[in-house]
Amino acid sequence: MNRFRLSPATALAACCLIVGSLAPFSGRAAADVAPSLKSSENLTPDNVTAINAQVMRAVNQLKSGLPDDISFGREWLIKELRTPGASVAYKNVLARILLPAAEDLLKSPNIQVRVNAVMVVAWVPSVDAAATLAPGVGDKSEGVRFAACRAMRKIIEPAGGEHRNLGAEQENALLVILHNAATKESNDLVFSEMVDLLSVIGTPASQNALLSVLDDRLPGYADPSEKSFKIPAGGISTLYRKLLQSGEKGAVMMHVMATAFRYERLAAQQLAVLPKDAFKKASGDRRDMVIAGDKLLRAQYKAMGGTGTLPPDIQGQASLDHWKDVQGMVNQWGDLLKVAPFAGFPWSLKN
């Protein structure tokens, strides 16, 4: 089984969400809303009723499950959400109508309906859309999970350095779904999106959730022929850079150190015992993990209050592929991280 292959639904979602391209509009799509309504900041109840009728026509096209109608409904809704110069009032009305309807669409038994609903909600310019998308993160279809994570990132960081914060209740609900889904995710491309989403949220709770997921998934990397270390290494690296930028000197940084060590130790252990025929295939990302982990620990140990003697630098032995020697050096970090100030946390090293 190719763990990197995505279903057609996932590929469709990826293309549309990454480049934002749409097929030419069809006459079967809903009639356009009057330009005067799109630009108005003072919409009357009658205006809202008229907009609602058009939006629900497109929603019903999505709901039909017929491929052409799904495309027409998706195209029209995204076009309206992206209307240049649309008033805040018009966008708010679209969101108020569309988000409850999308919740229903995300319960459809049709995967294409669910994927396309996610693609539409991705363009709603409000963090309220995140609550609508949250169930999609844990959807039974990898295509929907992939699209929902990508859409959620777009909502939180739409463009140009803008960052939207989720409310505490909304974030907590999302993190529960995301943690459960990421811990058991079997598709590496989807898992990578989940790691990226946890990184983008950027709160202490999401950072702890990311580290908890990586800790829980470590046993899945025990077989060097199965998985690459690139995704966990990337998640650790991204989070570490953010902590350095924020000046973090507390428990989250200690947790990063513990998680980095766990992956470094496993990678070094595998490099020390891999037979020659498997070494070339599996060594690259594991070598990177060992070196990056050692650099992280070496940079932070004293800064975080450690008082022990640092292990020898591994660079020389690593360059010679003396991985049994490197493994011994790496294990010394484990002894240092079992004592104060690093001991006593739920994620502290126990072995």
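Here, every reference points to the structure presented above.
A short tour of the structure in this document, coming up. In this text, all values refer to a predicted model and were calculated from it rather than measured experimentally.

Right, let's talk about the packing of helix α11 (residues 204–217) against helix α13 (residues 251–273) for a bit. Here α11 crosses α13 at 20 degrees, and the two axes come no closer than 10 Å. It follows from the interaxial angle that α11 and α13 lie roughly parallel. As for the relative orientation of α11 and α13, their crossing is left-handed in sense. When α11 is examined against α13, the residues Gln207, Asn208, Leu211, Ser212, Leu214, Asp215 and Arg217 are found in contact with a partner set consisting of Val252, His255, Val256, Thr259, Arg262 and Tyr263. Here the residues of the contact of α11 with α13 are counted per class, giving five nonpolar, five polar and three charged.

In this section: unusual backbone geometry. A cis amide bond links alanine 340 with the next residue in sequence, proline 341, at an omega value of 5 degrees. With respect to the element layout, proline 341 can be found in the segment after α16 (323–336). Unusually for a residue other than glycine, aspartate 321 sits at a positive phi of about 60 degrees. Positionally, aspartate 321 belongs in the loop between α15 (315–319) and α16.

Another aspect to go through is the packing of aromatic side chains. Going through the model one piece at a time under the given rule, you end up with six aromatic pairs. Between tyrosine 301 and tryptophan 333, the aromatic rings sit 6.0 Å apart at their centres with planes inclined by 65 degrees, giving edge-to-face as the arrangement. Here tyrosine 301, found in the loop between α14 (276–300) and α15, pairs with tryptophan 333, found in helix α16; they are 32 residues apart in sequence, far enough to count as distant. For tyrosine 301, a relative accessible area of 1% translates into the label buried. Tryptophan 333 sits in the buried class, given a relative accessible area of 1%.

About the cut-offs
Residues numbered from 1 in each chain as written. Predicted model: local features only at pLDDT ≥ 70, side-chain atom pairs only at ≥ 80, totals over all residues. Heavy atoms only, no water. Axes fitted to C-alpha atoms, helices over the stretch in contact; angles between N-to-C directions. Helix = DSSP H or I, 4+ residues; strand = E, 2+ residues; numbered from the N terminus. Parallel < 35°, antiparallel > 145°, perpendicular 65-115°, else oblique. Left-handed = near helix turned anticlockwise from the far one by under 90°. Contact = heavy atoms within 4.5 Å. Nonpolar A, V, L, I, M, F, W, Y, C, P; charged D, E, K, R; others polar. Phe/Tyr/Trp six-rings, centres within 6.5 Å; stacked < 30°, edge-to-face > 60°. Buried < 20%, exposed > 50% of the residue type's maximum accessible area, 1.4 Å probe, protein only.

Don't take any of this as a statement about function, it's just geometry.
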